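Read off the chains here:
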Amino acid sequence: MDVATVLVVIACMAAYVVWFSRLAAGLCGPRVWPVLGSLPGLIQHSERMHEWISDNLRGTGGTYQTCICAIPGLARRQGMVTVTCDPRNLEHVLKTRFDNYPKGPTWHAVFLDLLGDGIFNSDGDTWLFQRKTAALEFTTRTLRIAMSQWVCRSIHLRLLPILEEASARSTVVDLQDLLLRLTFDNICGLAFGKDPETLAPDLPENAFAIAFDSATEASLHRFVFPEFVWRFKKWLQVGMEATLTRSVAHVDGYLSAIIKARKLELRDGRNYDDLLSRFMKKGTYTDSFLQHVVLNFILAGRDTSSVALSWFFWLVTTHPAVERRILLELATVLAESRGNDPSAWLATPLAFEEAGRLVYLKAALSETLRLYPSVPEDSKYVMADDVLPDGTFVPAGSSVTYSIYSAGRMKSVWGDDCLEFRPERWLSPDGNRFLPHDSFKFVAFNGGPRICLGKDLAYLQMKSIAAAVLLRHQLSVAPGHRVEQKMSLTLFMRNGLRVNVHDRNLTTIAEELAATQPKMVVASELVAATA
C-alpha cells in the first residue's frame, strides 16, 4: 500500500472520528458505538428490553435519541430513533400531528404478505376508508351481542370444564395457552363466523391456527434484518421466508374457501353477524380485500386480550387483597340481580348490565394493562422534520418509538407508587365509579385517530372470563415456575403461566357479603335522611 493510500485511509478515519464524536455528543440515552450505533446495547439487554428502555427514559426525563446505524448519510435519518414516553409527545405524534407520523414503509413492507393493505398495515385514504367502515360496525349492539355469545360459549363449554378437570385431578395447566386458544376461537368466530375449536378438551392442533402463528412469527422475523437481506431470502425462498410463503398460502386458501361459501350463503338469504358478512353487505369488495380485513382483526384481537388476562391472573394470585375485593364486588352485583344463593351466581353467564357494574374489576384490568400493556412498544415513521413538545427535533426519514410499557411506569406521571399494582388509582374517592385516565398517559389502547375500536369489546371479554374463572376457582402459580417477559411485539410470558387450580368456596364470600349488607343499608338510610 503506497503512502498516498495510507494517508487517505488515515484522513477518512480521522474524519469519521470527528463526525462520530459530534454525533454521539448530540445524543442522549444508551451508549452509541462506531458503525453499530446502539445495537450492542440492544443485544446485551435483549432479555429485559422493556425494562432497559424504561431505565433509559427515566434517566433522560422521558425522551432520548439514539442511532442504530452510525454511518454518515444514514445516521441522521433512517438510522435515527427517538424514544419517548412523555404524554405531551405521545399526544403530538398520535393526534396533533397524526398525518406526519404514519406507520411508514418499513412496517408496511414487513407485514404486506400477511396483512396486505388491511387496517393495521395501511396509512392515508386506504386506512381511513377501512377505519370508517369498521367504526360503524363496532358501535352496533348486535356486534356486542355476537361477541358476548361467542365468549360465553367458549368459557362455559370449553374453558371451565378444562379447569374443573385440572382441579379434580390436581394437575397443572398453562393458563396463558388456554387463554390464547380461547381468544383465538372467539376472534375467529367474530371475524368470519367459524370456530376453529382450538380449546377443545384435548387441546388439538389446528392447521389454520398453526399457519397463522407461523406467518406472524416469520413476518416479525423480518424486523431483525435489513430489508434487502430478507427480500433476498424471500427471492431464494430459504429460512423463515420459505415458512412465510407456505403459511400465507395455507391461510389464503382457508379464508378464500370461507369467503366463497359465505357469498353463496348470503345470496340464499342466510344471516350472519360476523365482521366478514357485515363488510360483504356494505358493498362489493374483492376477495383479497375481505381476506385482509379478516386477518387484520384476528391479529389485533387474538393476542392482546389473552396476554392481558395472563398478567391479570398472575397479579391477582400475588395480591390476595385485590382478589378478595373483586370477589366481593362480583358477589354484591350478582346478589342484587340473582339473590343471595351462590349457586344462582354460577347458573348463567354475566349479563351486559352485570358486567357494566363491575367497576373494581375494570380498574384491576386497567391497572394490569398500565403495568403490562399487551403491546409494550410501538413505532411511527417521520414524514417531515418536526419538533416535539418537549423540544426534541425529529428529522424526516427517522422513526419515533413510543414506549407504552414505560409510559405506565414513570413517577412523573403516575406518582411514587407507579410500580405498585393498585387498582384504586382508577376509582373515584368513594370507590363507586371508574375514572379513566388521559389516553396519552394510558396508551394501552393507543390514542388519537387510531385508538382501538374494540376497546369496549375487549373489556367485556376480559370481564366475562375473569369473573367466570375467579368465581369458581382459586389459582396459584405452580411451584418453581418462573414468570418472565418474552421479548416480542406482544408481551407474552416466556414460559407461559403454569398454575394449580383449586375449587372456590363461595360460602365464605356470601357470609362476608351478608355481614356487610346491614351496614350498607344503614348507611344508605342515613344518606336518604340527610338528603
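Definitions and cut-offs
- Residues numbered from 1 in each chain as written.
- Predicted model: local features only at pLDDT ≥ 70, side-chain atom pairs only at ≥ 80, totals over all residues.
- Heavy atoms only, no water.
- Helix = DSSP H or I, 4+ residues; strand = E, 2+ residues; numbered from the N terminus.
- Buried < 20%, exposed > 50% of the residue type's maximum accessible area, 1.4 Å probe, protein only.
- Contact = heavy atoms within 4.5 Å.
- UniProt positions renumbered as here; feature names shortened; annotations may be inferred.
- Pairing = 2+ DSSP bridges.
- Axes fitted to C-alpha atoms, helices over the stretch in contact; angles between N-to-C directions.
- Salt bridge = Lys/Arg side-chain N within 4 Å of Asp/Glu carboxyl O.
- Core = buried A, V, L, I, M, F, W, Y, C linked by side-chain atoms within 4.5 Å.
- Domains from an automatic or database assignment.
- Buried area = accessible area lost by both parts, 1.4 Å probe.
- Polar contact = N/O pair within 3.5 Å; in protein donor to acceptor, adjacent residues only side chain to side chain.
- Nonpolar A, V, L, I, M, F, W, Y, C, P; charged D, E, K, R; others polar.
- Phe/Tyr/Trp six-rings, centres within 6.5 Å; stacked < 30°, edge-to-face > 60°.
- Lys NZ or Arg CZ within 6 Å of the ring centre and 35° of its normal.

**Student:** Run through the overall build of the protein, naming residues and quoting values.
**Tutor:** If you tally the helices and strands in the protein, you get 21 helices and 9 strands. Considered along the principal axes of its C-alpha atoms, the protein spans approximately 95 × 60 × 50 Å. For the protein, with 531 residues in total, the buried portion stands at 51%. When contacts within the protein are restricted to residue pairs at least 6 apart in sequence, long-range pairs at least 24 apart make up 71% of them.

**Student:** Describe in detail the UniProt feature "binding site: heme" (unreviewed entry) in the protein, supporting the description with residues and values.
**Tutor:** On the UniProt side, "binding site: heme" (unreviewed entry) is annotated at positions that read Cys 452 here. Mapping Cys 452 onto the fold places it in the loop between α19 (411-414) and α20 (455-472). Judged by its relative accessible area of 34%, Cys 452 is partly exposed.

**Student:** An account of the sheet that holds strand β3 (residues 172-174) is requested, with residue identities and associated values reported.
**Tutor:** As summarised here, the arrangement of the 3 strands in space is β3-β9-β8, forming an open sheet in which the pairing is antiparallel. The open sheet terminates on both sides in strands that have one partner only, identified here as β3 and β8 (473-477). Sheet twist, expressed as the mean angle between neighbouring strand axes with direction ignored, is 45 degrees. In this sheet, strand β9 (residues 498-503) lies alongside β8 in antiparallel orientation, the contact comprising 5 bridges. The residue of β9 that forms the bridge with Gln 474 is His 502. Sitting on the sheet, helix α8 (residues 175-192) touches β3, β8 and β9, and the angle it makes with β3 is about 45 degrees. Sitting on the sheet, α20 is in contact with β8 and β9, with an inclination near 95 degrees to β8.

**Student:** An account of the pairing of strand β1 (residues 63-67) is requested, with residue identities and associated values reported.
**Tutor:** Two faces belong to every sheet, and in a regular strand the side chains alternate between them. With 5 of 5 residues buried, β1 lies mostly within the body of the structure. Every second residue of β1 is oriented toward a common face, with Thr 63, Gln 65 and Cys 67 on one face and Tyr 64 and Thr 66 on the other, all of them buried. Taken together, the 5 bridges between β1 and strand β2 (residues 80-84) define a ladder with antiparallel strand orientation. Across the sheet, the residue bridging to Cys 67 is Met 80, located in β2.

**Student:** I'd like a description of the pattern of salt bridges, backed by residues and values.
**Tutor:** With the rule as written, the count across this model stands at 32 salt bridges. Notably, a salt bridge pairs Asp 86 with Arg 88, separated by 2.8 Å at the nearest N-O pair. A salt bridge links Glu 484 to Arg 482; the shortest N-O distance between them is 2.7 Å. For Glu 484, a relative accessible area of 22% corresponds to the partly exposed category. Note on Arg 482: relative accessible area 56%, which makes it exposed. Here the salt bridges share partners, and the residues they tie into one network are Glu 367, Arg 370, Asp 417, Arg 422 and Arg 425.

**Student:** Residues and numbers for the sheet that holds β2, please.
**Tutor:** Strands sit in the order β1-β2-β7-β4 across an open sheet of 4 strands; the sheet is mixed. At either end of the open sheet lies a strand with only one pairing partner, and these are β1 and β4 (377-381). Ignoring which end each strand starts from, the neighbouring axes of this sheet average 25 degrees apart. Running over the sheet, helix α3 (residues 49-59) touches β1, β2, β4 and β7 (399-403) and is turned about 115 degrees from β1.

**Student:** How would you summarise the nonpolar core if you had to cite specific residues and measurements?
**Tutor:** Counting residues in each nonpolar core, the largest one holds 121 residues, and the members touching the most others are Phe 192, Ile 298, Phe 312, Phe 313, Ile 326 and Ile 465. Take this core: its biggest share by element is 16 residues, from helix α13 (residues 287-317). Among residues more than four places away in sequence, those in contact with Ile 465 are Val 151, Ile 155, Leu 159, Leu 179, Leu 182, Leu 309 and Phe 313.

**Student:** If you had to explain the domain arrangement of the protein to someone new, which residues and values would you point to?
**Tutor:** Taken domain by domain, the protein comprises domain 1 (1-96 + 376-408) and domain 2 (97-375 + 409-516). Taking only C-alpha atoms into account, the centre of domain 1 sits 33 Å from that of domain 2. In this assembly, 36 residues from domain 1 lie in contact with 37 residues from domain 2. In this assembly, domain 1 packs against domain 2 so that about 3,000 Å² is buried in total across both faces, 57% of it on carbon and sulfur atoms. Ranking the residues of domain 1 by area buried against domain 2 places Leu 94, Tyr 405 and Gly 408 at the top, with a combined share of 19%. Here Asp 386 makes a salt bridge to Arg 97, at a shortest N to O gap of 3.3 Å. Across the contact surface, domain 1 and domain 2 share 16 residue pairs in polar contact (both at pLDDT 80 or more). If you list the elements that add at least two residues to the side of domain 1 that touches domain 2, you get α3, α4 (87-96), β4, β7 and α18 (404-407). Considering every element that reaches the side of domain 1 that touches domain 2, the biggest residue donor is α4, with 8 residues. Here the residues of the side of domain 1 that touches domain 2 are counted per class, giving 19 nonpolar, 7 polar and 10 charged.

**Student:** Describe the packing of aromatic side chains, naming the residues involved and giving the relevant values.
**Tutor:** Tallied over the full model, the rule gives 24 aromatic pairs. With centroids separated by 5.4 Å and ring planes inclined at 40 degrees, the aromatic side chains of Phe 445 and Tyr 459 adopt a geometry described as tilted. With Phe 445 in the loop between α19 and α20 and Tyr 459 in helix α20, the pair connects residues that are 14 residues apart, well separated along the chain. A relative accessible area of 11% places Phe 445 in the buried class. A network of ring pairs unites the aromatic residues Trp 414, Trp 426, Phe 434, Phe 442, Phe 445 and Tyr 459 as a single cluster. The lysine or arginine in question, Lys 103, covers the ring of Trp 107, its NZ or CZ lying 4.4 Å from the ring centre. Lying across the ring of Tyr 459, Lys 362 places its NZ or CZ 4.8 Å from the centre.

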